[in-house]
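Below, each chain spelled out in residue letters.
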There are 2 protein chains.
Amino acid sequence: MPAPDVFSIGVLSERSGVNIETIRYYERAGLLQKPARSPGGYRLYRTVDVTRLCFIRRARDLGFSLDEIRHLLDLADQKSRSCRRVHDIGLTHLTEVRAKIRRLRRMEGILATMVKACANGTMPACPLLEAFASA
Amino acid sequence: MPAPDVFSIGVLSERSGVNIETIRYYERAGLLQKPARSPGGYRLYRTVDVTRLCFIRRARDLGFSLDEIRHLLDLADQKSRSCRRVHDIGLTHLTEVRAKIRRLRRMEGILATMVKACANGTMPACPLLEAFASA
DNA sequence: TGTACACCCTGTAGGAACTACAGACTCAAT
DNA sequence: ATTGAGTCTGTAGTTCCTACAGGGTGTACA
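The paragraphs below set out a description of the structure included in this document. (Residues numbered from 1 in each chain as written. Chains lettered and ligands numbered in written order. Predicted model: local features only at pLDDT ≥ 70, side-chain atom pairs only at ≥ 80, totals over all residues. Heavy atoms only, no water.)

What chain A contains, in helices and strands, is 5 helices and 2 strands. Of the regular secondary structure in chain A, the N- to C-terminal order runs α-α-β-β-α-α-α. Each of the 135 residues in chain A was classed as buried or not, and the buried ones make up 45%. A total accessible area of about 7,200 Å² is found for chain A, and carbon and sulfur atoms account for 50% of it. (Helix = DSSP H or I, 4+ residues; strand = E, 2+ residues; numbered from the N terminus. Buried < 20%, exposed > 50% of the residue type's maximum accessible area, 1.4 Å probe, protein only. Areas by Shrake-Rupley, 256 points an atom, 1.4 Å probe, with all protein chains shown as cover.)

Residue and element names in this part refer to chain B. Running from N to C, helix H3 (residues 47-61) and helix H4 (residues 66-77) point in directions that differ by 140 degrees, and their axes come no closer than 10 Å. As the angle between them shows, H3 and H4 are arranged oblique. Note that H3 runs across H4; the crossing there is right-handed. Residues Arg52, Phe55, Ile56, Ala59 and Arg60 of H3 lie in contact with H4, whose contacting residues are Leu66, Ile69, Leu72, Leu73 and Asp77. Taken together, the residues of the contact of H3 with H4 break down into 7 nonpolar, no polar and 3 charged. (Axes fitted to C-alpha atoms, helices over the stretch in contact; angles between N-to-C directions. Parallel < 35°, antiparallel > 145°, perpendicular 65-115°, else oblique. Left-handed = near helix turned anticlockwise from the far one by under 90°. Contact = heavy atoms within 4.5 Å. Nonpolar A, V, L, I, M, F, W, Y, C, P; charged D, E, K, R; others polar.)

Moving on, we get to the packing of aromatic side chains. As enumerated under the stated definition, the model contains 2 aromatic pairs over all chains in all. Plain terms: the ring middles of tyrosine 25 of chain A and tyrosine 26 of chain A are 6.1 Å apart, the flat faces sit at 50 degrees to each other, and that makes the pair tilted. Tyrosine 26 of chain A sits in the buried class, given a relative accessible area of 8%. Sitting over the face of the ring of phenylalanine 64 of chain A, lysine 100 of chain A holds its NZ or CZ atom 4.4 Å from the ring centroid. Over the aromatic face of phenylalanine 7 of chain B sits the side chain of arginine 15 of chain B, whose NZ or CZ is 4.4 Å from the ring centroid. (Phe/Tyr/Trp six-rings, centres within 6.5 Å; stacked < 30°, edge-to-face > 60°. Lys NZ or Arg CZ within 6 Å of the ring centre and 35° of its normal.)

In this section: the protein's contact with DNA strand D. As a structural note, the neighbourhood of DNA strand D is formed by 20 residues, with Ser8, Arg24 and Tyr42 of chain A together with Tyr42 and Arg60 of chain B the closest of them. Of all atoms in DNA strand D that approach within 4 Å of the protein, 74% are sugar or phosphate atoms. One of the side-chain N or O atoms of serine 8 of chain A is found 2.5 Å from a phosphate oxygen in DNA strand D. Take tyrosine 26 of chain B: an N or O atom from its side chain is 3.0 Å from a phosphate oxygen of DNA strand D. (Near = heavy atom within 4 Å. Polar contact = N/O pair within 3.5 Å; in protein donor to acceptor, adjacent residues only side chain to side chain.)

Among the structural elements, leucine 44 of chain A can be located in strand S2 (residues 43-44). In the structure, leucine 44 of chain A is positioned 32 residues away from leucine 12 of chain A in sequence and 9.3 Å away in space, judged by C-alpha atoms.

All names here are of chain B. Put simply, helix H1 (residues 9-16) and H3 touch, their axes get as near as 9 Å, and they point 50 degrees apart. Between H1 and H3, the angle falls in the class oblique. Here H1 and H3 pass one another in a crossing that is right-handed. Side by side, H1 and H3 meet where Leu12, Arg15 and Ser16 of the first sit next to Asp49, Val50, Leu53, Cys54 and Arg57 of the second. Tallied by class, residues from the contact of H1 with H3 come to 4 nonpolar, 1 polar and 3 charged.

Okay, structure coming up:
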């Protein structure tokens, strides 16, 4: 590895918690820029790539599609030059994020109730399903 | 349709917001019980199926895998007889749900800041990526 | 009664987002 | 110079859907 702040895909995988194969897949899918290469053809990464990959991982875990994440990353990269466009895309995602938070809160409350009741040994009728019937 | 509280897969799809093909897929995958059939072989559903499907849809949207949802549904169905087991599984999911809420909150704050700044016409340096670097 | 026409059936093949090899090459340490 | 872990490309498999094709069902209306 030529420089101390440059590292291999294995190290990137370890630091980001993203599978090596998945990293290469994200590169093919255009979510990560093609990295520099060592003389022997090894991919060379930097800290900024760890940050970006962590973001992708978290966003995926929260149910965003790769397409949505591409949009969010474009926001971060400020590829959409127009402030108006940044505003609009941001607002759309904001609405979605808030809806997800609401639903998770509801799920949280219900799970907490179940867990507490179960700790007491009294299993309540399960309200998990009903909670999502409406919203 | 034999009875008024019994309906076809098309109606179920409409009421739950889940694609017809996906409903059949969930049945194959064992997330939905095999429904009753009309004399001609049509699937017959009831309101309880709408509830269950809505739950699956929401949970998927929140990033849970079908396997995790199976677990949650088992909790709801109380297939896991032991209260201790219900407690443990519930607690695991509760921890996960709370972590998701934390991350979404962070994302919400950042998006809100960006959107507000953009409404003023001043584009800030983007903190979206950094937000997920640590947790 | 028959005949449209929308709906449903099974089965299979595709897409998205990974994941897991195989077979060959690289790199660092000895 | 050699060994062994790590990486390369390419391809094939998995999960979770999604979209037909080709055929049967249900009902409404003439």
